[in-house]
Amino acid sequence: MRILVQKFGGTSVANLECMKKVRGKVLAGLEKGYKMVVVLSARSGETNRLLALADEWSASPDPAECDSLVSTGEQASIALFTMLLKDSGVKARSLLGFQIPIITDSDFGKARILSIDSAGLMKLLEEYDVLVVAGFQGCTEDRRITTLGRGGSDTSAVAVAAALGSVECEIYTDVDGVYTTDPNLCSTARKMDRVSYDEMLEMASMGAKVLHIRSVEFAKKYKVPVHVRSTFTDNPGTLVTQEDSTMEAVLVSGIAYDKDQARVTMHGLPDQPGIAASIFGPLSEQGVLVDMIVQNSSLDGNTADITFTVSRKELKKALEICEDIRKNIGATEVRHDAGVAKVSAIGVGMRNHSGVAARAFAALQAEGINILMISTSEIKITILIQEKYVELAVRILHDTFGLDWDIGM
Ligand code: ASP
Ligand code: MG
């Protein structure tokens, strides 16, 4: 049995007209001889509407009931779409997470998938040509409904694809693929034909919103090729897949950025063992996610400065915690800057080529952009700059690493 999993996002199932386009994609899969599993999101705006309702009804909505409520968005989508398929004479049925079941842990609102009854799905596929599955949801062992976190339908789809051995997982959306950078910021951004799992993970974590990050982790773990493409065209999209030698030949494959950054510096810390732990311990205990970290020692070797970045939403909390720590360990001062942003150049080619950082720094220098912090990983260089330079920096780096459209000049 050849199985193809297709997932359609909220804008693809927004109304009857859009759903007819979705039906076209599903029928095309059937014509190619596949048994189809179609994972749907809630219609666009629906999840937000339901979450707002919960907040209206309750001062602190019960997490389990909240999941029970928001999961109904997907329930409506799958029922409506299955009706449409049946009207076209297709043997189809809808399935909610708990009917399959897709078993998750009990972390309501951001549950993780533990198992999927693939044998049950295979059996149903003998009877039906299309199974229409609700994305974003699962249930605990004791059958409480859970959801997987915002954007989680991608993860449902990839997990089902992995469980069923689907040839690939097609993720249909309202853009035609993954771009070398944000096309709204840089008009020369190009759609990528292929991108590796690791590059996609770095891009997603930098706020490239195309795919739910956990879906990429799943795809990488189970080696499921993910094809991101548009519901509204027939163009090939971007294949997110395993790395190969042609990908390594490209130095930088994308430029990502994140404006949701704030910088905190603790000055004049005693330079002795345990100081970093005494700062980052309390921050993590109170749920503050820290991103870049840099420590510098003073010339006399007695004191150190530690600078780190957090999301702007968490700046206030981070400052309060740091102020307490400052008093306890006797640092001189805590400073902050909420007007910073990070820009990253990402590419698996960096594993085998040197000089990428130097080229990036030189390009920024030529535009008079001051670098505030730098961090690197095997396939990424991240630079913290003033937020007002983000657009310029993205364009400069995009051009420097040859990612611009070939405009024939
Ligand atoms: N409907 C959910 C959300 O809006 C899940 C998804 O669309 O992927 O976040
Ligand atoms: Mg999405």
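The structure reproduced in this document is the subject of the present report. This one's a predicted model, so the numbers in the text were calculated from it and none came from an experiment.

So, about the site of ligand 1. Every residue lining ligand 1 is accounted for by Ser41, Ala42, Thr47, Glu74, Phe136, Arg150, Gly151, Gly152 and Ser153. For ligand 1, an oxygen atom lies 3.0 Å from a polar atom in the side chain of Ser41. Within the side chain of Arg150, an N or O atom sits 2.7 Å from an oxygen atom of ligand 1. Protein contact buries 86% of the 260 Å² of open area that ligand 1 shows by itself.

With mixed pairing, 8 strands are arranged side by side in an open sheet as β3-β6-β2-β1-β9-β11-β12-β10. The open sheet has two edge strands, β3 (92–95) and β10 (194–196), and neither has a second partner. Between one strand axis and the next, the sheet turns by 20 degrees as a mean value, whatever way the strands run. Bridging between strand β2 (residues 35–40) and strand β6 (residues 130–134) involves 5 bridges; their strand directions are parallel. Counted as the bridge partner of Val39 is Val133 from β6.

Following the sequence through the fold, Asp258 ends up in strand β13 (residues 254–270). In this structure, Asp258 is buried with no salt-bridge partner, the nearest side chain bearing the opposite charge being Lys342 at 4.6 Å. Separated by 2.9 Å, the side chain of Asp258 and the backbone nitrogen of Asp260 make a polar contact.

For the peptide bond that leads from Ile100 to Pro101, omega is -15 degrees, which places it in the cis range. With respect to the element layout, Pro101 can be found in the loop between β3 and β4 (102–104). Notably, Phe136 is not glycine yet its phi reads approximately 75 degrees, a positive angle. In this structure, Phe136 sits in the loop between β6 and β7 (137–139). One non-glycine residue, Arg143, lies in the positive phi region at around 65 degrees. Mapped onto the elements of the fold, Arg143 is located in the loop between β7 and β8 (145–147). Judged by its relative accessible area of 46%, Arg143 is partly exposed.

This part is about helix α10 (residues 275–285). Each turn of an α-helix holds 3.6 residues, which means side chains three or four residues apart point in the same direction. For α10, the complete set of buried residues consists of Ile275, Ile279, Phe280 and Leu283. For α10, the angular spread of buried residues about the axis comes to 100 degrees, placing them on one side. The outward face of α10, more than 90 degrees from its buried face, is lined by the exposed residues Ala277, Ser284 and Glu285. The inward-facing, buried residues of α10 contact β13, β14 (290–297), β15 (303–310) and α11 (315–329). The first or second residue beyond α10 is Gly287, which carries a positive phi of 75 degrees.

This model, assessed by the stated rule, comprises 3 aromatic pairs. On the numbers, 5.3 Å between centres and 75 degrees between planes, the contact of Phe280 with Phe308 is edge-to-face. Of this pair, Phe280 sits in helix α10 while Phe308 sits in strand β15, and the two are 28 residues apart along the sequence. You can call Phe308 buried: its relative accessible area is 0%. Over the ring of Tyr34 we find Arg2; its NZ or CZ atom is 4.3 Å from the centre of that ring.

Quick notes on the rules
- Residues numbered from 1 in each chain as written.
- Chains lettered and ligands numbered in written order.
- Predicted model: local features only at pLDDT ≥ 70, side-chain atom pairs only at ≥ 80, totals over all residues.
- Heavy atoms only, no water.
- Near = heavy atom within 4 Å.
- Polar contact = N/O pair within 3.5 Å; in protein donor to acceptor, adjacent residues only side chain to side chain.
- Areas by Shrake-Rupley, 256 points an atom, 1.4 Å probe, with all protein chains shown as cover.
- Pairing = 2+ DSSP bridges.
- Helix = DSSP H or I, 4+ residues; strand = E, 2+ residues; numbered from the N terminus.
- Axes fitted to C-alpha atoms, helices over the stretch in contact; angles between N-to-C directions.
- Buried < 20%, exposed > 50% of the residue type's maximum accessible area, 1.4 Å probe, protein only.
- Lys, Arg positive; Asp, Glu negative; His and termini not counted.
- Salt bridge = Lys/Arg side-chain N within 4 Å of Asp/Glu carboxyl O.
- Arc of directions from axis to C-beta.
- Contact = heavy atoms within 4.5 Å.
- Phe/Tyr/Trp six-rings, centres within 6.5 Å; stacked < 30°, edge-to-face > 60°.
- Lys NZ or Arg CZ within 6 Å of the ring centre and 35° of its normal.

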